Amino acid sequence: MAVAVEMPKLGNTVEECLIAKWLKEEGQPVSAGETVVEIETDKTSFEVTAPVGGTVLATFFEQGALVPVFTKLFVIGNPGENVEAFRPQSKGSTPAADAAGSPTPSARNTSPGGQPVTATDASLPHSAAPFSPRARRFAEEHNFHPRAVSGSGPGGRVLEADLRALYHSSPKVSGAASRRVQDGAEAPLEGSGIGGMVLASDLDAPETRISGVREKIASRLREALASTAQYTLNSSADARGLLLLRARIKASSTGPDINLNDLVTFCTVQALLQVPALNVLFLDGRIHQGRGVHIGFACDTPRGLLVPVVRDAQALTVAALAARMKELSAQAVQGKISADDLTGATFTVSNLGVLGIESFTPLLNPPQVAILGVNAIQLKAVRREGKVEFIDSIGLSLTLDHQIIDGAPGARFLKVVREKIENVEQLCTI
Amino acid sequence: MYDLIVVGGGPGGYEAAAHAGKMGKKVALVEKEQLGGTCLNVGCIPAKTFLRSSRLFRECCEAAAYGVRVGAPEFDMAAVVERKSRIVATLGKGVQGILKRAGVEVIRGHAHLISRSTIEVAGSRYEAANLLLATGSRPAVPPIPGIQSEHTLDSNTVFGLQCVPKTIAIIGGGYIGLEFACFFQEIGTQVSVFEMLPQIAAGADGEISARMLQILERKGIEFHLSAKVRRIEGHTLHFATRDGKQSSVEADYILNSTGRVSVVDDLGLENIGIDFTPKGIKTSEQGKTNIPGIWACGDVTGRRMLAHAATREGMVAVNNMFGRKDRVRYNAVPSVVYTHPEVAMVGRTEEELRNAGIKYKKSVVPMAVAGRFLIEHEDGTGLVKVLCGSDFGEILGVHAIGDGCSEFIVAAAIMVETEMCVADAGEIVFPHPTVSESLKEAMAGVH
């Protein structure tokens, strides 16, 4: 007489258990008391034994299947006996059946060995991810939530043994490193610590979100590059007059405070008055002539690059221009500058010379078509009447939009700037 | 053609040779003197046998405080030296056994590098795919007139003393000098220590070294800090004091323990362009020198000058040379000073953290928070200091002074090695009653 054995109820709250391992297969003899199958809940494992001796006539579920309690698991009897009467009716499920959406007991494992299963931290404990209850418990206890793990159960179900093997074979993350990972640092697969442990020093520095100002700078610069045809001309001007004038200003304790950058900016304004073709805006395929020279100047602030604008600079004396630039840069640095003072420039000057830069590529600020970069003063060898002498010389880098300004007119403008600088003493009445 | 020839049979060299041998490699080890190197023959092991005897002697003297009466003990220097020699011989045989079991061929003689892969020993040439230089160090001889006179000992010759000196002057307040200072003080010698720096135990955490100075002075050792030894004449040591005054002391013996220098001469290093200075051969954390196939470990690198650091460096070099990635994590190499009381430390000192601009939290507890410490030491004093990162609480350094700390510092080393955070370390169960509980209390004190 065939005897069917049911899934036992291993606790008050246990509704289903997992088939961990069949120790006997269909057709194998078994004696009374011998273990036929190991089952597990998320808390414990249990051996189901044969109540009588005989032959295992049928096993109704695959390894890895979740089976409701009191469902018949297997049948023991004499070979040839009919077992169909014991076969459960679509109650238990195999993982493969789960996936197909049509629970069929004893459905065969269609992918032996299993595919890597993606599991995320959040999905692990609660979702219907194909983790066995014990695997889930192991993951929680060890705070181990790998992105991918191969399940060896049917349909790729991840068993505790899979997770345990991965846990012991994968590099650990040190306490200090794991806290940094929680803070957003990226951990490599293998570290330089003991047994490949990932140490804090193996982590990349956490990413820093850029500020709003930086974001604006970034997008404007990308647009500027995308919408223009930029090129840069480099030249230099005799700076001896500039330096002499500056020295005189410095020496006079009563005069206005005017620095080299103010002087060069003033010279640029004068050059733009002479060559109005560069004091234009290029908007929607049309050239708009600037009504005045509204000169923007690049200003390094704690929040990043700002470009305050001196309106109608053509109407200002060098002292007035210098005073206005000082006023605006102080406001920019303190973060108190009004938005109106940051827009509307027709031309920009950017001075990196004070930082020792000898030549660079300033980027246009569209719809402006030109920007002048001012470089450091250096000694330059010049030939005069057969002799070589060294003069102080200031570098100039003019970026232009080739859409509007060709090379030759650009170069001619730069020559005018040079002349203004070289004759700055005559130009400025202080 | 060998897979590896190791030059030098100290704890760096012989462990590395055995490790490679056990990996199935064809290995030879060249040694010109005794296997076991400085550590076994004239360093750690002899010093610790001496210190064991001196501690027992002191404990006999203090036994009454524990309710045990003994007669007046006597210190038999000759017997102590004999015991030391016996232990050294036993351990030396052990080293031979280790090498034999690992199939390492031992070549006796002085090795000289001929090329990147060839060495010469006693007229014969040997070739190897890899050379591991582990030639160790020797006591430094500072340029002090008279330093090599007959009454001057160094950390090699001191182990031959046959009787207890009445007075000894020790030049150098580093780890070696301090251990000998404790030894001689305990056996009744009047000890004075001359240190060039303003503190003793240079390299140790400032709080630990200050406490050590306090304890040793209280024991009766006389310290002359910021002192410059000028010359030695017979039994007289002439020195300049902190404020520049000339002074002198008389002593039965003068012990030179001004540190050790790497053995980099007479090896032919310059023949093959190895990057080295008198301070040692330059190596990476993997044990590589600048020449492919030539590796170095231990004191000859001038890095940590500790036997266990040498061993680890040697293993790391062997692992890397045979394809297993490894590196020495120097931040987690513990060190111990076997003074009475002992000092043990691992990781960064407070001064190092401050200089590196690392934000840290600290906790310092007296060792007497552990009941066992009070039980073991009637008038013992000590402290445990834990330093950890201020943001995450990872343990960056543990420094302790007080007997027993050498045995639990390895726990702290594991914590530093695995960057354990102090909150997690709090979950570790420490057995009660043990001195190690002071470490637990120190960690609990980090806020």
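A quick note: this is a predicted structure, and the numbers were derived from the prediction, not measured.

Reading the values: the criteria
Residues numbered from 1 in each chain as written. Chains lettered and ligands numbered in written order. Predicted model: local features only at pLDDT ≥ 70, side-chain atom pairs only at ≥ 80, totals over all residues. Helix = DSSP H or I, 4+ residues; strand = E, 2+ residues; numbered from the N terminus. Contact = placed C-beta atoms within 7 Å. Nonpolar A, V, L, I, M, F, W, Y, C, P; charged D, E, K, R; others polar. Buried ≥ 20, exposed ≤ 12 C-beta atoms within 10 Å, placed from the backbone. Arc of directions from axis to C-beta. Pairing = 2+ DSSP bridges. Right-handed = clockwise from strand over helix to strand, strands pointing away. Axes fitted to C-alpha atoms, helices over the stretch in contact; angles between N-to-C directions. Parallel < 35°, antiparallel > 145°, perpendicular 65-115°, else oblique. Left-handed = near helix turned anticlockwise from the far one by under 90°. pLDDT = per-residue confidence, 0-100. Core = buried A, V, L, I, M, F, W, Y, C linked by C-beta atoms within 7 Å.

Undergrad: Could you give an account of the overall build of chain B, with specific residues and numbers?
TA: Assigned secondary structure in chain B consists of twelve helices and 24 strands. A separation threshold of at least 6 residues defines the contact pool for chain B, and within that pool the share at least 24 residues apart is 67%.

Undergrad: Requested: an account of the interface of chain A and chain B, with residues and values cited.
TA: With twelve residues of chain A at the interface, the matching set in chain B holds eleven residues. A per-class count over the side of chain A that touches chain B returns six nonpolar, four polar and two charged.

Undergrad: How would you sum up helix H3 (residues 160–169) of chain A? Please name residues and give values.
TA: Every α-helical turn comprises 3.6 residues, leaving residues that sit three or four positions apart pointing alike. Residues and elements named next belong to chain A. Within H3, the full set of buried residues consists of Glu-160, Asp-162 and Leu-163. In a view along the axis of H3, the buried residues occupy a sector of 160 degrees, so they form one face of it. Exposed side chains of H3 directed beyond 90 degrees from the buried face belong to His-168 and Ser-169. In the core, the buried residues of H3 are packed alongside helix H2 (133–141) and strand S10 (148–150).

Undergrad: So what about the pairing of strand S10 (residues 190–194) of chain B? Which residues, and what values?
TA: Residues and elements named next belong to chain B. Summarising burial for S10: four of the five residues are buried, a large majority. Of the pairings in the sheet, the one linking strand S9 (residues 167–171) to S10 comprises five bridges and is parallel in character. When the sheet's bridge partners are listed, Ala-169 is paired in S10 with Ser-192. In this view, the connection linking S9 to its parallel neighbour S10 by way of helix H5 (residues 175–186) has right-handed handedness. Where S10 meets strand S11 (residues 222–224), three bridges bridge the pair, whose relative direction is parallel.

Undergrad: Residues and numbers for the packing of helix H7 (residues 260–274) of chain A against helix H9 (residues 407–422) of chain A, please.
TA: Residues and elements named next belong to chain A. Packing of H7 against H9 brings their axes to within 9 Å, and their N-to-C directions diverge by 130 degrees. Classified by the interaxial angle, the pair formed by H7 and H9 is oblique. You can see that H7 and H9 cross each other, and the crossing is right-handed. Contacts between H7 and H9 pair Val-264, Cys-267, Thr-268, Gln-270, Ala-271 and Gln-274 from the former with Phe-413, Val-416, Val-417, Lys-420 and Ile-421 from the latter.

Undergrad: Lay out the pairing of strand S12 (residues 280–283) of chain A with the relevant residues and their values.
TA: All names here are of chain A. Pairing geometry for S12 and strand S13 (residues 286–289), over four bridges, is antiparallel. Each residue of the ladder has a partner; that of Leu-281, found in S13, is His-288. Hairpin connection, S12 to S13: the antiparallel pair is bridged by two residues, and Asp-284 has positive phi, about 50 degrees.

Undergrad: Residue-level account of the confidence of the model for chain B, with values.
TA: In low-pLDDT segments, the atomic positions of the prediction should not be examined closely. Per-residue pLDDT for chain B has a mean of 95; in total, 100% of the residues score no lower than 70. Here the predicted complex scores 0.64 on pTM and 0.73 on ipTM.

Undergrad: Explain the nonpolar core to me, using residue names and the numbers behind them.
TA: If you look at the biggest cluster of nonpolar residues, it comprises 139 residues, and the most contacted ones within it are Leu132(B), Val343(B) and Ile409(B). Not counting chain neighbours up to four residues away, the residues in contact with Ile409(B) comprise Pro334(B), Val336(B), Ala344(B), Met345(B), Val346(B), Val398(B) and Ala400(B). Listed in part, the 51 residues of the second largest apolar core include Ala345(A), Phe347(A), Ile377(A) and Leu414(A).

Undergrad: So what's going on with the sheet that holds strand S15 (residues 253–256) of chain B? Residues and values would help.
TA: All names here are of chain B. An order of S8-S15-S9-S10-S11 is seen for the five strands of this open sheet, with the pairing classed as parallel. Only two strands of the sheet have a single neighbouring strand rather than two, namely strand S8 (152–154) and S11. Strand after strand, the sheet turns through a mean of 25 degrees between neighbouring axes, direction not considered.

Undergrad: How would you summarise the sheet that holds strand S2 (residues 16–22) of chain A if you had to cite specific residues and measurements?
TA: Residues and elements named next belong to chain A. One open sheet accounts for four strands, arranged S5-S4-S2-S7; its pairing is antiparallel. Taken across any chain shown, the strands that pair with only one partner, and hence form the sheet edges, are strand S5 (45–49) and strand S7 (66–68). Each neighbouring strand pair of the sheet contributes to a mean axis angle of 40 degrees, computed without reference to strand direction. As judged from the three bridges shared by S2 and S7, these two strands associate in the antiparallel manner. Paired with Glu-16 across the bridge in S7 is Pro-68.

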